[in-house]
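# Observations on chain architecture
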Amino acid sequence: MKYIHRDLERKFLRMSGFFKAVLVTGARQTGKTTMLKHLAQGHNRTYVSLDDFFARQLAQNDPVLFFQTYEPPLIIDEVQYAPQLFEQIKIICDRSDKTGLFWLTGSQQYSMMQNVSESLAGRIGIMTLYSMTRDEKQQIRYDTEFDFSLKSLTARKRTAGENNIKDIFCHIWQGGMPQVIAADEEQRTEYYNSYIDTYLMRDISEAGGITDMVRFRRFITACAALVSEPVNYRRLSEIAEISQPTAKEWLRLLEGLGIVYMLKPFANNQLKRLTRTPKLYFCDTGLCAYLSMWLTPEALMNGAASGHYFENYVVMELVKYYAYSPVKVNMTYYRDSNAKEIDLLIEENNSIHPVEIKKSASPDSREIRKFAVIDKTEFEHGMGGIICMCNDVIPIDRLNLYIPCNVI
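Quick look at the structure, then. (Residues numbered from 1 in each chain as written. Predicted model: local features only at pLDDT ≥ 70, side-chain atom pairs only at ≥ 80, totals over all residues. Heavy atoms only, no water.)

### A few points about the side chain of K11
Checked against the element boundaries, K11 lands in helix 1 (residues 8-16). As a buried residue without a salt bridge, K11 has its nearest oppositely charged side chain in E145, at a separation of 11 Å. Among the polar contacts listed, one links the side chain of K11 to the backbone oxygen of A323, at a separation of 3.3 Å. Discounting residues that sit within four places of it in the chain, K11 has contacts with M127, A323, Y324, S325 and K328. (Helix = DSSP H or I, 4+ residues; strand = E, 2+ residues; numbered from the N terminus. Buried < 20%, exposed > 50% of the residue type's maximum accessible area, 1.4 Å probe, protein only. Lys, Arg positive; Asp, Glu negative; His and termini not counted. Salt bridge = Lys/Arg side-chain N within 4 Å of Asp/Glu carboxyl O. Polar contact = N/O pair within 3.5 Å; in protein donor to acceptor, adjacent residues only side chain to side chain. Contact = heavy atoms within 4.5 Å.)

And the structure:
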């Protein structure tokens, strides 16, 4: 299959030229290994996978001999299986002035990140690779960085082309796992079924010691049913027949494995009675659609949950964009005790860009009235708007625009 370029490549190579070790985390099968092998072509860089039993045994039992056998520059795949390597990686990094000695991948974030932070602080750059965005699948490249200005969005719109709801929901239903891009409906179904039964169930057993696979499958299916909603541990625990503390722990595991994304609530001293509950999204909408048994893109697009899936799509496209971008932002959502809600607040340089998300080609412009709450905080009220199915970038007022969802 032809290699599909990933938006993380630019950032990864810059960090490899700066740090002595670079770690790419993320869920299984998102393309971490494929990307690193592609970037290593034409260079003398050895590849070793700790999925291999013998390599793993050597790494765990004799890290010094491991690095005598496999000398840097080196790609180490699934490094979380041998945390014993981190101390030796630190020693090798400290002995050398070269950057990019170690390219590492890992899938189980929590246990691994603890080891990394203890052993390699200041020596390692860490980034996340998610499943493919719609632009990556279509290999769309923009000349203009994304921001909320009319000039930027209009320029990106010329490259993005027509905004079509059938195309959007085909992407949402299919998902962004590289192996499903060329798959038909039957193959896609079997892929996600196998993904859960092999990779996911094995990882949650190893990472969390979970043995009750029946209840866990029920739990992750319940998560898919409640996508794009504030987390309700009571409902999750009732559906899966587990305790609420167990539900919290299992959701923490899914987040650590890169399966779900928890959008934090906005917190501010000037505003009272704000929710403290995060919202639940799936990092890959195709997996979510499979778990909820949406059998075709058309059924999903016309179903009762279509608005929730559209919101999940928009949020994760923005999460992925900013993860690969030079720009660092803080993304939250706003909800108060009166159920007033703003879908996204994007904080950048002490400015907040408010965003509403609507699966409509002509949403009500009065939605932006809620944005006035930003003026009660110490933040500057930045440009924002309503991300929707409109086909053109249209000003609403001096601060807000209708934004076609295919330009993000």
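### What about unusual backbone geometry?
Along the chain, P72 connects to P73 via a cis peptide bond; the corresponding omega equals 5°. By the secondary structure assignment, P73 is in the loop between helix 4 (63-69) and strand 3 (74-77). In this structure, S228 takes a positive phi of about 65° despite not being glycine. Mapped onto the elements, S228 comes out in the loop between helix 11 (213-225) and helix 12 (233-240).

### Looking at the pattern of salt bridges
Here the structure, examined in full by the defined rule, presents 21 salt bridges. Through salt bridges with shared partners, one network takes in R28, D51, E78, R202 and D203.

### What about a negative patch on the surface?
On the surface, a cluster of negative charge is contributed by D184, E185, E186, E190 and E298. Here the element with the most residues in the negative patch is helix 10 (residues 185-208); it accounts for three residues. Relative to the helices and strands, D184 is located in the loop between helix 9 (165-174) and helix 10. (Patch = residues over 30% accessible without salt bridge, like charges linked within 9 Å, V, L, I, M, F, W, Y side chains within 5 Å. Areas by Shrake-Rupley, 256 points an atom, 1.4 Å probe, with all protein chains shown as cover. Charge placed at Lys NZ, Arg CZ, Asp CG, Glu CD.)

### Section: the packing of helix 9 against helix 16 (residues 306-324)
Contact geometry for helix 9 and helix 16: axes closest at 10 Å, N-to-C directions at 80°. When the axes of helix 9 and helix 16 are compared, the pair comes out roughly perpendicular. Along the contact surface, helix 9 presents I168, F169, H171 and I172, while helix 16 presents S306, Y309, F310, Y313 and E317. Considering only residue class, the contact of helix 9 with helix 16 consists of six nonpolar, two polar and one charged. (Axes fitted to C-alpha atoms, helices over the stretch in contact; angles between N-to-C directions. Parallel < 35°, antiparallel > 145°, perpendicular 65-115°, else oblique. Nonpolar A, V, L, I, M, F, W, Y, C, P; charged D, E, K, R; others polar.)

### Topic: the nonpolar core
Within the largest apolar cluster, 96 residues are counted, with the highest numbers of intra-cluster contacts made by F219, L254, I259, F282 and L318. If one sorts the elements of this core by residue count, helix 16 sits on top with twelve residues. Among residues more than four places away in sequence, those in contact with F219 are L236, A240, I242, A247, W250, L251 and L254. Formed by 25 residues, the second largest nonpolar core is a distinct cluster that contains L23, L50, C93 and I124. (Core = buried A, V, L, I, M, F, W, Y, C linked by side-chain atoms within 4.5 Å.)

### Quick notes on the packing of aromatic side chains
If you walk through the whole model with that rule in mind, you get 18 aromatic pairs. Aromatic side chains F67 and F102 sit 5.5 Å apart centroid to centroid with 75° between the ring planes, which places their arrangement in the edge-to-face category. Here F67 is found in helix 4, whereas its partner F102 is found in strand 4 (residues 102-106), with 35 residues between them in sequence. The residues F67 and F102 share a single accessibility class, namely buried. Ring geometry for Y191 against Y195: centres 6.0 Å apart, planes inclined by 35°, an arrangement best described as tilted. Of this pair, Y191 and Y195 are both found in helix 10, four residues apart, which corresponds to roughly one turn of the helix. For Y191, a relative accessible area of 12% gives the class buried. On the accessibility criterion, Y195 (2% relative accessible area) is buried. (Phe/Tyr/Trp six-rings, centres within 6.5 Å; stacked < 30°, edge-to-face > 60°.)

### Notes on the pairing of strand 3
Two faces make up the sheet, and in a regular strand the side chains alternate between them. Residues of strand 3 alternate between two faces, with L74 and I76 on one and I75 and D77 on the opposite face, all of them buried. Where strand 2 (residues 46-49) lies against strand 3, four bridges are found, and the strand directions are parallel. Residue pairing for strand 3: V48 is matched across the bridge by I76. Relative to strand 4, strand 3 runs parallel, the two sharing three bridges. Across the sheet, residue I76 finds its bridge partner in strand 4, namely L104. (Pairing = 2+ DSSP bridges.)

### Points about the sheet that holds strand 4
One open sheet accounts for five strands, arranged 2-3-4-1-5; its pairing is parallel. For this open sheet the edge positions go to strand 2 and strand 5 (124-128), each flanked by a neighbour on one side alone. Ignoring strand direction, the axes of neighbouring strands in this sheet form an average angle of 15°.

### A closer look at the side chain of S237
Locating S237 in the fold gives a position in helix 12. Residue S237 is classed as buried on the basis of its relative accessible area of 7%. Within polar-contact distance, the side chain of S237 engages the backbone oxygen of R234 at 2.7 Å.

### Comments concerning helix 1
Inspection of helix 1 places L8, E9, K11, F12 and S16 among the buried residues, and these make up the whole buried set. For helix 1, the buried positions fall inside an angular range of 165° around the axis, keeping them on one side. On its buried face, helix 1 sits against strand 1 (21-25), helix 2 (32-40), strand 4, strand 5 and helix 16. (Arc of directions from axis to C-beta.)

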